[in-house]
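Observations on the three-dimensional arrangement
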Amino acid sequence: MSEQAEFDRRMLEALVCPQTRTTLSYDAAAQELVSKSAGLAFPIRNGIPVMLIDEARVLE
């Protein structure tokens, strides 16, 4: 599959940060879900958010 699957923005209504249980924002350019309260960015791979703290990128 050469085309990347699109993230369904409706998932944002159901997803929360696994560490802080707060809402997330969607960064379309980076394909990440961002938790400002935790300072983490969770990757979206093939349209699926990876909500594992070990896989998250620490925000500067």
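Everything below is about the structure shown above.
Now for a look at the structure at hand.

What counts, and at which threshold
- Residues numbered from 1 in each chain as written.
- Predicted model: local features only at pLDDT ≥ 70, side-chain atom pairs only at ≥ 80, totals over all residues.
- Heavy atoms only, no water.
- Helix = DSSP H or I, 4+ residues; strand = E, 2+ residues; numbered from the N terminus.
- Polar contact = N/O pair within 3.5 Å; in protein donor to acceptor, adjacent residues only side chain to side chain.
- Contact = heavy atoms within 4.5 Å.
- Core = buried A, V, L, I, M, F, W, Y, C linked by side-chain atoms within 4.5 Å.
- Buried < 20%, exposed > 50% of the residue type's maximum accessible area, 1.4 Å probe, protein only.
- Pairing = 2+ DSSP bridges.

**Some words on the side chain of Glu32**
With respect to the helices and strands, Glu32 occurs in strand β2 (residues 32–35). Only 2.8 Å separates the side chain of Glu32 from the side chain of Arg57, close enough to count as a polar contact. In contact with Glu32, not counting residues within four places along its chain, are Ser25, Tyr26, Asp27, Ala41, Phe42, Pro43, Ile44 and Arg57.

**Things to note about the nonpolar core**
Formed by Phe7, Cys17, Leu24, Tyr26, Leu33, Leu40, Phe42, Ile44, Met51 and Ala56, the largest nonpolar core amounts to 10 residues. By residue number, the principal contributor to this core is strand β3 (residues 40–45), which donates 3 residues. Dropping the residues within four chain positions of it, Cys17 is found in contact with Thr22, Leu24, Ser35, Ala38 and Phe42.

**A closer look at the pairing of β3**
Burial analysis of β3 places 5 of its 6 residues in the buried class, which makes it a mostly covered element. As judged from the 4 bridges shared by β2 and β3, these two strands associate in the antiparallel manner. Bridge pairing links Leu33 to Phe42 in β3. Counting the residues in the hairpin turn of β2 and β3 gives 4 residues, including Gly39, whose phi is positive at 70°.

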